[in-house]
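Take a look at the letters that make up each chain.
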Amino acid sequence: ILNVEQSPQSLHVQEGDSTNFTCSFPSSNFYALHWYRWETAKSPEALFVMTLNGDEKKKGRISATLNTKEGYSYLYIKGSQPEDSATYLCAFKEGYQKVTFGTGTKLQVIP
Amino acid sequence: NAGVTQTPKFRILKIGQSMTLQCTQDMNHNYMYWYRQDPGMGLKLIYYSVGAGITDKGEVPNGYNVSRSTTEDFPLRLELAAPSQTSVYFCASGSSGGGNEQFFGPGTRLTVL
């Protein structure tokens, strides 16, 4: 069983604040790292798929970086809005088949 | 495209009963997955399939069975339901290329009493 850890477990920020959280994963047998956004009562939706060391991805106010050699990825949200409130999951792919999810960071943006 | 569909949305089972959770995708994805979500535990992989006729165990396969006779369908079977199987079950699919993000169904909430 692979160890994919996310921190913090939960986070409360004020509207307009910027925030970031971390996903740690094994640094061997890396294939890809996914970030998903999971709103309450909905299904997870993919934000980013990252495959190369040093990858940086951006979608609007959300961006992510990847360091496969040290086994971590950061997700950044600039100027948080209430609609950003969700659980953010990372998923580590070892090889092209198996996927291990972290337990997520639950973000609450307070208006 | 409907994407990934799951039925039923909710189900209550008695201990020892059996049922099949249905999952269908219309995106011609080779890869399909079954996860369960337990409170505070994130998503745990039950079974996955890389194509029709090919299935493999994930992290928590005990008490479940799967089959993949077509590209579109990936049903999950619970043979003898136990209270420990009370959970929300998500089916997902993905293409075989690159880092292949997964597309999730809406989930099935199962309670075993």
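A brief report on the enclosed structure follows. Remember, it's a predicted structure, so these values are computed and weren't measured experimentally.

A short note on the overall build of chain A
Next, step 1: When helices and strands are tallied, chain A shows zero helices and 11 strands.
Next, step 2: Scaling as 2.2 N^0.38, a compact globule of 111 residues should have a C-alpha radius of gyration of about 13 Å, and chain A matches this with 13 Å.
Next, step 3: In terms of its C-alpha atoms, chain A occupies a principal-axis envelope of roughly 40 × 30 × 20 Å.
Next, step 4: Once local pairs closer than 6 in sequence are excluded, the contacts in chain A between residues at least 24 apart make up 54%.
Next, step 5: Within the structure as shown, chain A displays about 5600 Å² of accessible surface, and the carbon and sulfur contribution to it stands at 44%.

Quick notes on the pattern of salt bridges
Next, step 1: Going through the model one piece at a time under the given rule, you end up with six salt bridges over all chains.
Next, step 2: A salt bridge links A:R37 to A:E39; the nearest nitrogen and oxygen atoms lie 3.0 Å apart.
Next, step 3: Among the residues examined, A:R37 registers a relative accessible area of 17% and is labelled buried.
Next, step 4: We note a salt bridge from B:D38 to B:R36, for which the minimum N-O separation is 3.0 Å. With respect to burial, B:D38 and B:R36 carry one shared label: buried.
Next, step 5: Each of A:R37, A:E39 and A:K42 takes part in salt bridges that share partners, so that together they form one network.

Some points on the interface of chain B and chain A
Next, step 1: At the interface, 22 residues of chain B touch 21 residues of chain A.
Next, step 2: Interface area, chain B with chain A, both sides summed: about 1700 Å², of which 60% is carbon and sulfur.
Next, step 3: Here chain B and chain A share zero salt bridges between them.
Next, step 4: At the junction of chain B and chain A, the tally comes to two residue pairs in polar contact (both at pLDDT 80 or more).

Quick look at the pairing of strand β6 (residues 54–57) of chain B
Within a regular strand, the side chains alternate between the two sheet faces.
All names here are of chain B.
Next, step 1: One ladder, built from three bridges, connects strand β5 (residues 42–51) with β6; its direction is antiparallel. Looking at the pairing, Y48 lines up with D56 of β6.
Next, step 2: Between β5 and β6, which follow one another and run antiparallel, lie two residues, and G53 among them has a positive phi close to 85°.

A few points about unusual backbone geometry
Next, step 1: Here the bond from A:S7 into A:P8 is cis, since omega is -5°, no more than 30 degrees from zero.
Next, step 2: Within the element layout of this structure, A:P8 appears in the loop between β1 (5–7) and β2 (10–14).
Next, step 3: Of note, the bond from B:T7 into B:P8 is cis; its omega dihedral lies within 30 degrees of zero at -5°.
Next, step 4: By secondary structure assignment, the location of B:P8 is in the loop between β1 (4–7) and β2 (10–13).
Next, step 5: With phi around 55°, A:N29 is a residue other than glycine that occupies positive phi space.
Next, step 6: With respect to the secondary-structure elements, A:N29 resides in the loop between β3 (19–24) and β4 (30–38).
Next, step 7: A positive phi angle is found at B:N28, which is not glycine, with a value near 60°.
Next, step 8: In this structure, B:N28 sits in the loop between β3 (19–25) and β4 (31–38).
Next, step 9: Among the residues examined, B:N28 registers a relative accessible area of 59% and is labelled exposed.

About the criteria used
Residues numbered from 1 in each chain as written. Chains lettered and ligands numbered in written order. Predicted model: local features only at pLDDT ≥ 70, side-chain atom pairs only at ≥ 80, totals over all residues. Heavy atoms only, no water. Helix = DSSP H or I, 4+ residues; strand = E, 2+ residues; numbered from the N terminus. Rg over C-alpha atoms; globule rule 2.2 N^0.38 Å. Contact = heavy atoms within 4.5 Å. Areas by Shrake-Rupley, 256 points an atom, 1.4 Å probe, with all protein chains shown as cover. Salt bridge = Lys/Arg side-chain N within 4 Å of Asp/Glu carboxyl O. Buried < 20%, exposed > 50% of the residue type's maximum accessible area, 1.4 Å probe, protein only. Buried area = accessible area lost by both parts, 1.4 Å probe. Polar contact = N/O pair within 3.5 Å; in protein donor to acceptor, adjacent residues only side chain to side chain. Pairing = 2+ DSSP bridges.

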